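Listed below, chain by chain, are the residues.
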Amino acid sequence: MRANRPIIVGMSETLSARPDVSASLPGIPTPRFGGPRRDAQVAAPGRTHPQPHQRRVPAFGADLAALARQIGAVWAGFLAVGAGYGVLVSSAGLPWWFAPVSALVVFAGSAEFLLIGLLAAAAPIGAIALTTLLVNSRHVLYGLSFPLHRIRSRAGRLYSVYTLCDEAYALAGGPGSPALSGRRLVLLQAGLHLSAGVGALLGSVAGSSLLGGVAGLDFVMVALFVVIAMDAWSANRDRVVLAVSLGAVAVAWVLAPGQLVLVALVLLAAALVSRHHVQRIRRRPGSPAAVCGPEPTTGARAQT
Amino acid sequence: MDTGYLLLAVGVAALITAGLRALPFAIRHRLGDSELMDDLARWMPLGIVVVLAVHALANIGHTGAGEALPTVAGVAVTVVMHLWRRNLLLSVFSGTAVCVLLAALA
């Protein structure tokens, strides 16, 4: 299948542009598109040279230091976004422990931020479940190209799957990302995970006194989503998807402004599924689209 | 706020998120040639983040966190910085700094 592009392209591009990324992985070519071939190249040395004291297996500290050089800035960013989350949690009137606990247990940025609003409005658990399902449904796509097989231990693989957030995917699993060893994958994700948890704790406990008085700080998340959308657009300039998304938001705004994201995503998913069927009908030779009942109408609207 | 309700919400959100993350690894070999999955894998990420970005922009207007000017200026700086440097953290931090500064001056 065509590999899905990382949402945060800018981040991985920044990484690839740094010389120390490839320098710290001698002998491993910078990965290009086409996951499986790249994975085989990276994984092969580990399988053919299992001796534990070979130089190609660096010490834990060396791995950590190399990773910190590569993505330390992203860990710091997670600390900051975690702190912003903590501040929002405490300003929404939720208890102090909620920010670190939810950051560590759920560990899915956008869903956590939506969760605050839902909980503050005492939304039913069903609405929370459905919102989480739709907002995080994109995670289903990450596993299709994430190099989980590089991680040897079962515990490591479970942890990696559990903490497979957007950024972890973009940094390690997306096209053009550096080829990290299994241990570095786990360390990368543990660093993101802990940074988010510690940041949320700090923001929740100290943030409201430190940062609560600063107007405009909630803009961090607006900026983050704008940047992520820009990266997604430059990774995939699909005007139909853009138009359908904006249309879905507009319709959701009119129909259910209180559940804007949920309704917009349902409409978006429905429109894209119809688009898929319309395209398949059009591709099939000898079967005009007009034969197929109501579907082409939906799709035609989606295509514009 | 009821602690049981909060813990239940976190548990449900975590369970669903973990399930979604694990699903492709569990059924990877069977998903390989689904055309619908291919198309959705190509289209959904862009659509989702556009929806989230518009929602975030709409939200800040609603809550009235400061005047409109700091927000608009912050978005403009974020977009320009990102077009220029393509660095997520730099774009977010510079846009936020401008927004906070203008909100403090207003």
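1. Overview of the overall build of chain A
Next up, step 1: Along the backbone of chain A there are 15 helices and 0 strands.
Next up, step 2: Within chain A, counting contacts between residues at least 6 apart in sequence, those at least 24 apart form 72% of the total.
Next up, step 3: For chain A, the exposed area adds up to about 13,300 Å²; of that, 67% sits on carbon and sulfur atoms.

2. Some points on the overall build of chain B
Next up, step 1: Summing up its helical and strand segments, chain B has 5 helices and 0 strands in all.
Next up, step 2: Order of helices (α) and strands (β) in chain B, N terminus to C terminus: α-α-α-α-α.
Next up, step 3: Here chain B holds 106 residues, and 49% of them are scored as buried.
Next up, step 4: Taken as a whole, chain B presents about 5,100 Å² of accessible surface, with 69% of it coming from carbon and sulfur.

3. Quick word on the packing of helix α7 (residues 125-135) of chain A against helix α1 (residues 3-26) of chain B
Next up, step 1: Packing of α7(A) against α1(B) leaves a shortest axis separation of 9 Å and a crossing angle of 30°. When the axis of α7(A) is compared with that of α1(B), the two are roughly parallel. Considering how the two elements wind past one another, α7(A) and α1(B) form a crossing that is right-handed. The residues of α1(B) that touch α7(A), namely those facing I125(A), I128(A), A129(A), T132(A) and L133(A), are Y5(B), L8(B), A9(B), V12(B), A13(B), I16(B), T17(B) and L20(B).
Next up, step 2: Grouping the constituent residues of the contact of α7(A) with α1(B) by class yields 11 nonpolar, 2 polar and no charged.

4. Concerning the confidence of the model for chain B
All names here are of chain B.
Next up, step 1: In the predicted model, chain B carries a mean pLDDT of 83, and the fraction of residues at 70 or more is 86%.
Next up, step 2: Mean pLDDT values for the elements of chain B range from 67 in helix α2 (residues 28-31) up to 94 in α1.
Next up, step 3: Confidence metrics for the complex model read pTM 0.60 and ipTM 0.80.

5. Some details on the interface of chain A and chain B
Next up, step 1: Chain A puts 91 residues into the contact, and the matching count from chain B is 68 residues.
Next up, step 2: Buried surface at the junction of chain A and chain B, both sides included, amounts to about 7,100 Å², of which 80% is carbon and sulfur.
Next up, step 3: The tally of links between chain A and chain B comes to 1 salt bridge.
Next up, step 4: One salt bridge connects R283(A) with E35(B), and the closest N-O pair in it is separated by 3.7 Å.
Next up, step 5: The tally of links from chain A across to chain B stands at 9 residue pairs in polar contact (both at pLDDT 80 or more).

6. Quick look at the confidence of the model for chain A
Residue and element names in this part refer to chain A.
Next up, step 1: With 66% of its residues at a pLDDT of 70 or more, chain A has an overall mean of 73.
Next up, step 2: Taken together, the stretch residues 1-52 has pLDDT below 50 and engages in 93 contacts with residues farther than four places along the chain or on a different chain.
Next up, step 3: Low pLDDT, under 50, characterises residues 289-304; the stretch is placed with 19 contacts to residues that sit more than four places away or in other chains.

7. Let's talk about the packing of helix α6 (residues 109-120) of chain A against α7(A)
Residues and elements named next belong to chain A.
Next up, step 1: Between α6 and α7, the shortest axis-to-axis distance is 10 Å and the interhelical angle comes to 160°. By the criterion of interaxial angle, the relationship of α6 to α7 is roughly antiparallel. Regarding α6 and α7, the two cross each other, and that crossing is right-handed. Residues S110, A111, L114, L115, L118 and L119 of α6 form the contact with α7, whose own contacting residues are I128, T131 and V135.
Next up, step 2: Here the contact of α6 with α7 is built from residues that sort into 7 nonpolar, 2 polar and no charged.

8. Remarks on the packing of aromatic side chains
Next up, step 1: Following the criterion strictly, the structure yields 3 aromatic pairs over all chains and no others.
Next up, step 2: Here the aromatic rings of Y85(A) and F113(A) are separated by 5.2 Å at their centres, their planes lie at 70°, and the arrangement is edge-to-face. Within this pair, whereas Y85(A) is found in helix α4 (residues 60-91), its partner F113(A) is found in helix α6, the two being separated by 28 residues in sequence.
Next up, step 3: According to the relative accessible area criterion, Y85(A) is buried, its value standing at 1%.
Next up, step 4: A residue is classified by how much of its surface remains accessible, and F113(A), at 15% relative accessible area, is buried.
Next up, step 5: The ring of W43(B) has R275(A) lying over it, and the distance from NZ or CZ to the ring centre is 4.0 Å.
Next up, step 6: If you follow R85(B) out to its NZ or CZ, it ends over the ring of W84(B), 5.3 Å from the centre.

9. Focus on the nonpolar core
Next up, step 1: Of all hydrophobic cores here, the largest spans 45 residues; its most connected members are L265(A), L268(A) and L272(A).
Next up, step 2: Among the elements that take part in this core, helix α12 (residues 219-235) of chain A stands out by supplying 12 residues, more than any other.
Next up, step 3: Of all hydrophobic cores here, the second largest spans 25 residues; its members include W97(A), A108(A), Y5(B) and A14(B).

10. Brief notes about helix α5 (residues 88-105) of chain B
Next up, step 1: Taking 1.5 Å of rise per residue, 18 residues should cover 26 Å, and α5(B) covers 26 Å from first to last C-alpha, within 8% of that figure.
Next up, step 2: Looking at α5(B), one finds that the buried residues are L88(B), L89(B), S91(B), V92(B), S94(B), G95(B), T96(B), C99(B), V100(B) and A103(B).

11. Section: unusual backbone geometry
It is generally the case that most residues other than glycine have a negative phi and that most peptide bonds are trans.
All names here are of chain A.
Next up, step 1: At F107, a position not held by glycine, the phi torsion is positive, near 50°.
Next up, step 2: If you trace the backbone, F107 turns up in the loop between α5 (98-105) and α6.
Next up, step 3: Even without glycine at this site, A122 takes up a positive phi of about 50°.
Next up, step 4: Relative to the elements of secondary structure, A122 occurs in the loop between α6 and α7.

12. A short note on the pattern of salt bridges
Close approach of charged atoms allows side chains of opposite charge to pair.
All names here are of chain A.
Next up, step 1: Applying the stated criterion across every chain, the model contains 4 salt bridges over all chains.
Next up, step 2: Across the salt bridge formed by D63 and R183, the nearest N and O atoms sit 2.7 Å from each other. Placement of D63 in helix α4 and of R183 in helix α11 (residues 182-210) is noted, with a sequence separation of 120 residues between them.
Next up, step 3: The salt bridge partner of R275 is D238, with a shortest N-O separation of 3.1 Å. Pair noted here: R275 is in helix α14 (residues 260-283) and D238 is in the loop between α12 and α13 (239-255), with a separation of 37 residues, a long-range link.
Next up, step 4: Overall, R275 belongs to the buried group, its relative accessible area being 7%.
Next up, step 5: On the basis of relative accessible area, D238 is assigned to the buried category, the value being 11%.

Rules used in this analysis
Counting starts from 1 at the beginning of each chain's written sequence and moves along it residue by residue. Chains and ligands are labelled by the order in which they are written, letters from A for the one and numbers from 1 for the other. The predicted origin of the model limits local features to residues at a pLDDT of at least 70 and limits the giving and counting of side-chain atom pairs to 80 or more, whereas totals for whole chains, interfaces and linings rest on all residues. The basis for every side-chain value is the complete set of heavy atoms in the structure, and neither hydrogens nor water enter the calculation. By the criteria applied, helices consist of DSSP H or I runs no shorter than four residues and strands consist of E runs no shorter than two, each listed in order from the N terminus. By definition in these notes, contact holds between two residues if any of their heavy atoms fall within 4.5 Å. Each accessible area value is a Shrake-Rupley result obtained with a 1.4 Å probe; residue values ignore everything except the protein chains displayed when judging cover. The rule is simple: take the accessible area with a 1.4 Å probe, protein chains only, and divide by the maximum for that residue type; under 20% is buried, over 50% is exposed, in between is partly exposed. Only the contacting stretch of a helix is used when fitting its axis, a line to C-alpha atoms as for every element, and angles between N-to-C directions run 0 to 180 degrees. Between 65 and 115 degrees an angle is taken as roughly perpendicular, under 35 as roughly parallel, over 145 as roughly antiparallel, and anywhere else as oblique. For any helix crossing, the convention is left-handed if the near helix is rotated counterclockwise from the far helix by under a right angle, and right-handed if that rotation is clockwise. Charged residues are taken to be Asp, Glu, Lys and Arg, nonpolar residues to be Ala, Val, Leu, Ile, Met, Phe, Trp, Tyr, Cys and Pro, and polar residues to be all remaining types, Gly included. pLDDT: the predictor's confidence for each residue, scored from 0 to 100. Note on terms: buried area is the combined drop in 1.4 Å-probe accessible area of two parts once they are placed together, counting the loss on both. Counted as salt bridges are all cases of a side-chain nitrogen of Lys or Arg within 4 Å of a carboxyl oxygen of Asp or Glu. Think of a polar contact as two N or O atoms within 3.5 Å of one another; within protein, one of them needs to be a possible hydrogen donor and the other a possible acceptor, and neighboring residues in sequence only count if both atoms come from side chains. Here is the rule: rings of Phe, Tyr and Trp (six-membered ring for Trp) pair when centre to centre is within 6.5 Å. Planes less than 30 degrees apart are stacked, more than 60 are edge-to-face, and the remainder are tilted. Whether a charge sits over a ring depends on NZ of Lys or CZ of Arg being within 6 Å of the ring centre and within 35 degrees of the ring normal. Among buried residues, those of type Ala, Val, Leu, Ile, Met, Phe, Trp, Tyr and Cys that are joined through side-chain atoms within 4.5 Å constitute a nonpolar core. In this analysis, the expected span of each helix is defined as 1.5 Å times one less than the number of residues it contains.

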